[in-house]
Amino acid sequence: MIQNIRQRRGKKVDIQVPLYPDVNTGVGKIDGDITPGSIYMDSQHFGMGCCCLQITYEAQNLEHAKFLHDSFIPLGPIFGALSASAPIYKGQLANIDFRWNVIRDSVDSRTDEEKDPNSSNHVPKSRYSGMNHYISDHPFFANENLNDGIKLNVSKEYIDRLKEEGMSDRLAYHFASLFVHDAMIIYKGHTDYDETMTDHFENLNSTNWNSVRFKPPPSLDSSIGWRVEFRTMDVQITDYENAALIALMNLTVRILNEFSVDVSLPISLSDINMERAHQVDAVTSQKFWFRKHIVKGDDHTKNPIARESWQTKAETCHESLESEFVELTVLDILVGNPEVGNTGLFALFEEYMSLKKFPEETIHYYSIMLGFLEKRARGEVKTGARFMRDFVLTHPDYQQDSVVDGNV
């Protein structure tokens, strides 16, 4: 894949991460760095060598999978900031905390022409990027003003063919959009098309690395159903921290499944959130766009669409979205903010566990995990990135030059 990406681009990949500015930064230049103030990397290894915490959920059916897929998109940058653990690259301290854009640029197979906004062949995003569109027909996502991501140059022929075979408009657009980026690898012995196999599709789907991945069953006769993969979080230093983030995600899925919870957000605002998630200490220093009121209906503990096996198709509309979204800290999103009047996710978790009569020991476990994450959102417990950054900055062999050498 490294060779194929390089050949398609016509040159090496170009990864440039802002360098952490310290007192002596730039005094001793690192070999290979070509842009002042940046950490330059020219190989896929620098991105694909990053570690992450990805969680895949199997859905009840296709419609449920589409709903989970869309609900996960706005959560990606926020949970990414909460998990940030990637402040060091190529032996240098970076001025970011989160890995996402490093991997994005490490597998960017676009040519210069495709990167040019004025080109008829313009491809606006790398094959590794924040998800660019919603695919569900659920009422929460029916407003086309939410689906305001940069439009891809998708083949109308492909869309029409998929719609003829029974796909909805949005789902047809999604699967056709996978072909915007060329396949980068093919396996030996699989060069011929075989309609009984899904290997060719999986090859293409698995090399479009979005913040959320929509995963069909592996085959018609497979016992594995429709799945959705949540992909943004950095892996943690300890198993305990990983467990806390998984607990957070599991309870989030529970309330999405059984309560009436709407976290929809314009794709353009989600893209802004993804950039903010990279900033140093974003979990406490940044505000993220989020829906002000996420609970819906007279009784938000009921989910009538789920009771109908998620079989719903809302008519698309273009209603105004003004005043529905506000900028909130991660803490505001988790525990709520009385001044804003938003309901925090944790309050919904507690309500859900009470209604479902969770055993006391289970409630106690979740309380410990969520309490830990609340402390992190308050700045009382360090992210992995802050822990590593402080370790470097206070190390006796650190020369205040942004270099993390072997001694450090």
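Criteria and thresholds
- Residues numbered from 1 in each chain as written.
- Predicted model: local features only at pLDDT ≥ 70, side-chain atom pairs only at ≥ 80, totals over all residues.
- Heavy atoms only, no water.
- Helix = DSSP H or I, 4+ residues; strand = E, 2+ residues; numbered from the N terminus.
- Rg over C-alpha atoms; globule rule 2.2 N^0.38 Å.
- Buried < 20%, exposed > 50% of the residue type's maximum accessible area, 1.4 Å probe, protein only.
- Areas by Shrake-Rupley, 256 points an atom, 1.4 Å probe, with all protein chains shown as cover.
- Lys, Arg positive; Asp, Glu negative; His and termini not counted.
- Charge placed at Lys NZ, Arg CZ, Asp CG, Glu CD.
- Pairing = 2+ DSSP bridges.
- Contact = heavy atoms within 4.5 Å.
- Polar contact = N/O pair within 3.5 Å; in protein donor to acceptor, adjacent residues only side chain to side chain.
- 1 Å grid on protein atoms, 1.4 Å probe; cavity = no way out; pocket = protein on both sides within 12 Å on 5 of 7 lines; lining within 4 Å.
- Points joined across faces, edges and corners; volume = space filled by probe spheres on them.
- Nonpolar A, V, L, I, M, F, W, Y, C, P; charged D, E, K, R; others polar.
- Salt bridge = Lys/Arg side-chain N within 4 Å of Asp/Glu carboxyl O.
- Phe/Tyr/Trp six-rings, centres within 6.5 Å; stacked < 30°, edge-to-face > 60°.
- Disulfide = S-S within 2.5 Å.

So, about the overall build of the protein chain. A tally of regular secondary structure across the protein chain gives 16 helices and 11 strands. Here the protein chain has a C-alpha radius of gyration of 22 Å; the compact-globule value for 408 residues is 22 Å, and the two agree. Each of the three principal axes of the protein chain carries a C-alpha extent, and together these read 65 × 55 × 40 Å. Put simply, the protein chain has 408 residues, and 52% of those count as buried. As displayed, the protein chain has an accessible area near 19,000 Å², and 50% of this comes from carbon and sulfur atoms. Across the protein chain, 41 positive and 59 negative side-chain charges occur, with their mean positions spaced 1 Å apart.

With that settled, the discussion passes to the pairing of strand β1 (residues 15-18). Along β1, the buried face is formed by Ile15 and Val17; none of Gln16 and Pro18, which line the opposite face, is buried. Summarising the sheet, β1 and strand β2 (residues 38-41) pair through 4 bridges and their orientation is antiparallel. Bridging from a neighbouring strand, Pro18 pairs with Ser38 of β2.

This paragraph deals with the environment of His181. Structurally, His181 can be placed in the loop between α7 (169-177) and α8 (199-205). Once the C-alpha coordinates of His181 and Lys115 are considered, the two residues, 66 residues apart in sequence, prove to be 12 Å apart. Every residue in contact with His181, bar those within four places of it in the chain, is listed here: Ser109, Arg110, Val123, Lys125, Ser126, Arg127, Leu204 and Asn208. One polar contact links the side chain of His181 to the main-chain carbonyl oxygen of Lys125, over a distance of 3.4 Å.

Here we come to the side chain of Asp105. On the secondary structure map, Asp105 appears in helix α4 (residues 100-106). Judged by its relative accessible area of 16%, Asp105 falls in the buried class. Each residue touching Asp105, except ones within four places of it in the same chain, is listed here: Val13, Asp14 and Ile15.

Moving on, we get to empty space enclosed by the protein. Enumeration over the complete set of coordinates arrives at 6 cavities of 30 Å³ or more. What the largest cavity holds in volume is close to 140 Å³. What lines the largest cavity is a set of 15 residues, among which Ser129, Leu152, His181, Asn208 and Asn210 lie closest to the centre. A per-class count over the lining of the largest cavity returns 3 nonpolar, 10 polar and 2 charged. Approximately 60 Å³ is the volume found for the second largest cavity. Residue lining of the second largest cavity: Ile2, Ile5, Arg6, Lys12, Val13, Asp42, Ser43, Gln44 and Ser106, and that is the complete set. Element by element, the count of residues in the lining of the second largest cavity is highest for helix α1 (residues 2-9), at 3 residues. Residue composition of the lining of the second largest cavity, grouped by class: 3 nonpolar, 3 polar and 3 charged.

Under the definition given, this model contains 30 salt bridges. For the salt bridge of Lys11 with Asp112, the shortest nitrogen-to-oxygen distance reads 3.0 Å. In this pair, Lys11 sits in the loop between α1 and β1 while Asp112 sits in helix α5 (residues 112-115), placing the two residues 101 residues apart along the sequence. Taking the relative accessible area as the measure of exposure, Lys11 reaches 38% and is therefore partly exposed.

With that settled, consider the layout of surface pockets. Gaps left between atoms are located by rolling a probe of water-molecule size over the structure's atoms. The space that makes up the largest pocket amounts to roughly 1,300 Å³. Among the elements of the structure, α6 (156-164), α7 and α8 are those that each provide at least two residues to the lining of the largest pocket. Here the residues of the lining of the largest pocket are counted per class, giving 17 nonpolar, 5 polar and 6 charged.

In this section: the packing of aromatic side chains. For the coordinates displayed, the defined rule picks out 19 aromatic pairs. A connected cluster of aromatic rings, assembled from ring pairs, spans Phe67, Tyr134, Phe140, Phe141 and Trp310.

Our focus in this paragraph is the state of the cysteines. Here the structure, examined in full by the defined rule, presents 0 disulfides. Left unpaired, Cys50 is separated from the closest cysteine sulfur, that of Cys51, by 7.5 Å. Here Cys51 stays unpaired: no disulfide links it, and the sulfur of Cys52, its closest cysteine neighbor, is 7.2 Å away.

By themselves, these figures tell us nothing about what the structure is for.
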